[in-house]
Amino acid sequence: MHDASGKALELRLEFPNGLPPKPEFEPGIRRAPNRGQVLNEKEMVLALKNALRYIPEKYHKEIAPEFLEEYKEHGRIYGYRFRPQGRLYGKPISEYKGNCIEGKAFQVMIENNLDFDVALYPYELVTYGETGQVCQNWMQYQLIKKYLEIVTQDQTLVVQSGHPLGLFRSHPSAPRVILTNGLMVGLFDDPENFRRATALGVANYGQMTAGGWMYIGPQGIVHGTYNTLLNAGRKMFHLPEGKGLAGHLFISSGLGGMSGAQPKAAEIAGAAAIIAEVDPSRIETRHSQGWVSKRTADLAEAFKWAEEAMAEGKALSIAYEGNIVDLLQYALDNDKKVELLSDQTSCHAVYDGGYCPQGISFEERTRLLDEDKEEFKRLVDKTLKKHFELIKALTEKGTYFFDYGNAFMRAVFDAGVKEISKNGENTFEGFIFPSYVEDIMGPLLFDYGYGPFRWCCLSRDHEDLKKTDKAAMDCIDPNRRFQDHDNWVWIRDAEKNQLVVGTQCRILYQDEEGRMRIALKFNEMVRNGEIGPVMLGRDHHDVSGTDSPFRETSNIKDGSNVMGEMAIHCFAGNCARGMSLVALHNGGGVGTGKAINGGFGLVLDGSERVDRIILESMSWDVINGVARRAWARNDHAIETIETFNAKRSDGHITLPYIADEEYLTELVKNDG
């Protein structure tokens, strides 16, 4: 590659004025715990060599001891010295350098992911979910930024687990960025090998949207959580459509990144909610941002507040500073009625700090992670077993417990509680408690194609967001289905509910037709100068984005829930159809080896080229997943595909014949 004068460009990190100064850390910003020492001496040498690949040789003797100290203190080499000083945040797109709009747009999204107000551990590049990183280290960040400043419409940047491999010749309708995170070869696709690979600096846990640069704070899951709670209430309490959860109680745990959506979603649904959280800093963040209304360390006070709100039919969210196991024990001992119950601790990283044992403080949890991993693991397993026993006792008294896809039930199983699996031996038949996808999201939303559509106004102008809210609302027919009415009400009230954390983004569940209509409308508004450019995307936790037998595909019952082909097809198809950014990750949401998930980003620049990409890609991105669900014999998915086949002349989806299960059962029984 050459510059304007024809000179070959040298795209590596260079420091003509010497190395940047050693870092200064702002007080009060959360820091990641020590990830543990998993490398032997020979491997530590390899980790140092890997990190020093980003640094000119003349600085190696100065930087190598610093990197070694980082590994010893943190279990990772982050390259803190190479982080820009001060706060990072998603600035207006006009303030970024770049040769194409996509290169500038991705810089907005990366820096929004690393905003002190958004990220869980911003100095360690962890956006959410305890371990979900934008990239592995600050050298990668600096190099990615360099590439995004120069990438053109005729190039594609390839990123592998945070490492920018380089720019490759492509064309304007190809993706500007193709990235993957943590795709281990099957033999090594387990937590132990993954920890080794991340310590060596060759694997990145991208979570679902952190490593895909599409995280939008707790808002990213709040609509899905709202839908889940509302439909759980309809299922359990036979609520009529249009009536919320006033007078009902929801209990859960976790106020971190995505779990921080729980209290806000509960209040929007009209419920009283008590959410347990062991880290007081996370409670402070959500309370100051308006995502939880009250906080207390007193369980009697928490239940008193909740019961008063229920009696008055008022919505109220309460953060309980303490362990969820203590909360459930109190409820059981004091005969408190728990109606809806879930958990959103980071059980995909259960032994890496994502779940705090009962009986120890958050500070002690952090110390044990650093000094005694074996004792920490023992305490986690003990607490998981107790947690399970309490849930079982509450469900026997009428509580509806649903797993919220955080790998909680799998973690309980791995802790030695085989009873949590349906067959008492393995997880092939699932668990005794339902996943929220099995009972709610799958049949009522995913099977119809509804999923977490989202967008970000790259101008950072709040007026642009308000205009897109109105335009999206106008694209929805609230009388078509109850889901459409729910979504119409959601977007109507989005501004009132004050959902924005970080840059100006929005979440809105939509089906295939709705996504296409809204995307085309937004692109038209950009073209007409009504709004600035928009980044379009979705959570990878969607209709077709993720294969995960314990979450997204837990309501696929033909045995193919263990297959990872849908997410890979989604990724490949979005590459072929020209999405601006296409991502594929291992483990998002539920942990290494337990999911393959893919996402996309599409920059709306007002062009006819983007109109074409919307028409070609948006339908594929949704219907690919509905087709998989229809082939698995999911009733509503079959209905959706029958409608698709009847209306479309440009495609056709294979539908199954339905066998008589009673006859087959009798046939096999008699044959035996």
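Summary of the structure given here. Treat the numbers as computed from the prediction; the structure is a model and nothing was measured. (Residues numbered from 1 in each chain as written. Predicted model: local features only at pLDDT ≥ 70, side-chain atom pairs only at ≥ 80, totals over all residues. Heavy atoms only, no water.)

Taken together, the side chains of Tyr663, Leu664, Leu667 and Val668 make up a nonpolar region of the molecular surface, amounting to roughly 410 Å² of accessible area. Take Tyr663: it is sitting in helix α22 (residues 661–671). Judged by its relative accessible area of 52%, Tyr663 is exposed. (Patch = residues over 30% accessible without salt bridge, like charges linked within 9 Å, V, L, I, M, F, W, Y side chains within 5 Å. Areas by Shrake-Rupley, 256 points an atom, 1.4 Å probe, with all protein chains shown as cover. Salt bridge = Lys/Arg side-chain N within 4 Å of Asp/Glu carboxyl O. Helix = DSSP H or I, 4+ residues; strand = E, 2+ residues; numbered from the N terminus. Buried < 20%, exposed > 50% of the residue type's maximum accessible area, 1.4 Å probe, protein only.)

Evaluated as defined, the whole model comprises one disulfide. What pairs with Cys456 in a disulfide is Cys505, and their sulfur atoms sit 2.1 Å apart. Sign of the S-S torsion, about 105 degrees for the bond between Cys456 and Cys505, identifies this disulfide as right-handed. Here Cys456, found in strand β12 (residues 451–457), pairs with Cys505, found in strand β13 (residues 505–510); they are 49 residues apart in sequence, far enough to count as distant. Looking at Cys456, the relative accessible area reads 1%, which means it is buried. For Cys505, a relative accessible area of 2% puts it in the buried group. Here Cys356 is not cross-linked by a disulfide; its sulfur's nearest cysteine counterpart is in Cys347, at 12 Å. The exposure class assigned to Cys356 is buried, which follows from its relative accessible area of 9%. (Disulfide = S-S within 2.5 Å.)

Right, let's get into the sheet that holds strand β6 (residues 249–253). With respect to topology, six strands assemble into an open sheet ordered β8-β9-β7-β6-β10-β11, the strand pairing being parallel. Two strands lie at the open edges of the sheet, namely β8 (294–296) and β11 (400–401), each paired on one side alone. Note that strand β10 (residues 340–341) and β11 share two bridges and pair parallel. Looking at β11, one finds that Leu340 is bridged to Tyr400. (Pairing = 2+ DSSP bridges.)

Take it as geometry only, folks, not as evidence of what the structure does.
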